[in-house]
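The chain contents come next:
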Amino acid sequence: MKKCHKALIVGLLAVSMLFTPNLAGATGEGSTTSTFSVSVVIDISLSHVPIAWGTLAPGTTNNLALSNQGNPATITVEQTTNVNVDIYIKGDDWTGPTTVAVDNCHYDTDNTPGGDNWTVLTTTYTTPIFENVPPNTVKDTYWFLDVPTALPAGDYSNTIYFKAVRNGTPP
Amino acid sequence: MRGAKSLFLFGAVLCVLLVSSVSAASASDEPRYNLGAAYNETFPQIEQGASGTSIIYFYSAFGNVPVYVTAAVDSCPNGWRVEFEPENITVVPQWFENKPFQVGENEYCLKLTYGGNVGWVRAYPMTVRITPPADAKPDNYVVKISYVGDFRMEGMSIVKRSGGVEWTVEVVPRPAPVFNILLIVVCVAAAAAAAIIIKKRAWLRFRHVRRPKKGRE
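Residues numbered from 1 in each chain as written. Chains lettered and ligands numbered in written order. Predicted model: local features only at pLDDT ≥ 70, side-chain atom pairs only at ≥ 80, totals over all residues. Heavy atoms only, no water.

## Concerning the overall build of chain A
Tallying secondary structure elements over chain A gives 2 helices and 10 strands in all. Its helices and strands in sequence order give chain A the pattern α-α-β-β-β-β-β-β-β-β-β-β, from N to C terminus. Sequence-distant contacts in chain A: of pairs separated by 6 or more residues, those separated by 24 or more amount to 77%. When the accessible surface of chain A is summed, it comes to about 8,500 Å², and 53% of that surface belongs to carbon and sulfur atoms. (Helix = DSSP H or I, 4+ residues; strand = E, 2+ residues; numbered from the N terminus. Contact = heavy atoms within 4.5 Å. Areas by Shrake-Rupley, 256 points an atom, 1.4 Å probe, with all protein chains shown as cover.)

Encoded structure:
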């Protein structure tokens with residue numbers, strides 16, 4: 001009989017602890033917050049940028065960027081990164097005395113125009129220039145520019161974006 | 001001869017010093033545009049009618065150029081609200097410390113591992129609050145946000161480093177109020193039953209203690 005009472009009390013207490021009412025839910029308020037721990041770290045450095053070509057003549061093609069200013073532009077996936085990453089690139093049109101379309105620019109993984117990784121610069125992220133890159137990796141990109149004929153003299157500038165996402169995630 | 005030897009040593013030391021200063025100068029002159037982002041891969045479940053938050057920590061341990069970070073929503077279901085607090089952040093580069101250190105308001109001391117070492121960096125948290133509409137059905141929804149690190153030099157933006165976070169957000173049903181009331185009743189009944197049983201046992205013990213006395217009399 002004594003044992004039965006003890007078991008009953010323990011059981012009832014357990015039931016009451018298990019079914020603690022959710023008053024926040026009842027009032028329609030409440031929010032959840034994340035904890036401190038982080039599971040994904042993506043840490044990228046860019047060096048040998050900004051990309052620059054110096055003075056170029058109109059009507060010339062595949063002008064390689066200046067040394068260490070796009071020849072190459074270096075992307076480092078730092079050692080704090082804990083996932084493999086895909087790297088995408090996009091850019092804007094050049095603005096200056098007139099507009100120069102973004103597709104006058106190409107980038108590559110070597111300093112020779114053409115080949116497998118020869119890619120035209122676009123205003124949206126399309127295909128990754130580097131895929132499944134592990135942490136602690138250095139990748140070089142080489143930049144080429146065509147100058148349209150009869151382009152008015154002046155300074156032209158644009159912005160180039162380097163995007164790193166977890167491998168397999170859309171940009 | 002001895003004087004020549006001293007001069008040679010002095011020259012060697014001077015050369016070493018010169019080489020050191022040149023390499024140090026070139027290392028500090030070379031701009032390095034770094035931005036790190038740390039976040040939880042899973043977003044907390046959100047109850048219907050409530051909101052959920054997660055934090056992205058930005059830092060620059062390997063860089064030497066401050067970076068101005070903004071975030072935007074790439075895609076989310078119709079009627080959902082995604083807010084960033086703060087809306088933009090300036091991340092100041094700082095190398096790792098070998099122990100936790102005091103940070104300022106709206107900063108975080110973030111523990112990271114790098115090359116087999118453990119270090120702490122000054123991180124700048126950005127809270128992402130996601131609020132589904134009150135009538136969102138329990139299901140999994142994809143929310144994609146992107147951030148852009150703008151490295152400004154002399155007021156002009158020249159390089160931008162961006163990244164993206166894709167979260168699958170699970171909306172779960174809110175417990176019905178009737179069910180909650182029922183649970184409260186069960187809990188109260190359980191407590192009352194426990195109290196009655198304890199009281200009854202105390203009375204029985206009391207009687208049990210008194211009976212032998214009577215027998216002895």
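## A word on the overall build of chain B
When helices and strands are tallied, chain B shows 2 helices and 10 strands. Listing every helix and strand of chain B by position from the N terminus yields α-β-β-β-β-β-β-β-β-β-β-α. Counting all 217 residues of chain B, 37% fall into the buried class. In chain B, the proportion of contacts linking residues at least 24 apart, taken out of those at least 6 apart, comes to 68%. Total accessible area on chain B is roughly 13,000 Å²; 59% of this is exposed by carbon and sulfur atoms. (Buried < 20%, exposed > 50% of the residue type's maximum accessible area, 1.4 Å probe, protein only.)

## Topic: the confidence of the model for chain A
Residues and elements named next belong to chain A. Residue-level pLDDT values for chain A average 84, and 78% of them are 70 or greater. Looking across chain A, the model is least confident in helix α2 (residues 23-27), with a mean pLDDT of 34, and most confident in strand β9 (residues 137-145), with 97. Scored below 50 in pLDDT, residues 15-35 makes 35 contacts in the model with residues more than four places away or belonging to other chains. (pLDDT = per-residue confidence, 0-100.)

## Here's the deal with empty space enclosed by the protein
Inspection of every chain in the model, using the stated rule, returns 1 cavity of 30 Å³ or more. Its volume calculated, the largest cavity comes out at about 40 Å³. Along the walls of the largest cavity sit Thr-169, Pro-170 and Pro-171 of chain A together with Asp-74, Lys-144, Ile-145, Gly-164, Val-165 and Glu-166 of chain B, which together make up its complete lining. Of the residues forming the lining of the largest cavity, the biggest block, 3 residues, is contributed by strand β10 (residues 156-172) of chain B. (1 Å grid on protein atoms, 1.4 Å probe; cavity = no way out; pocket = protein on both sides within 12 Å on 5 of 7 lines; lining within 4 Å. Points joined across faces, edges and corners; volume = space filled by probe spheres on them.)

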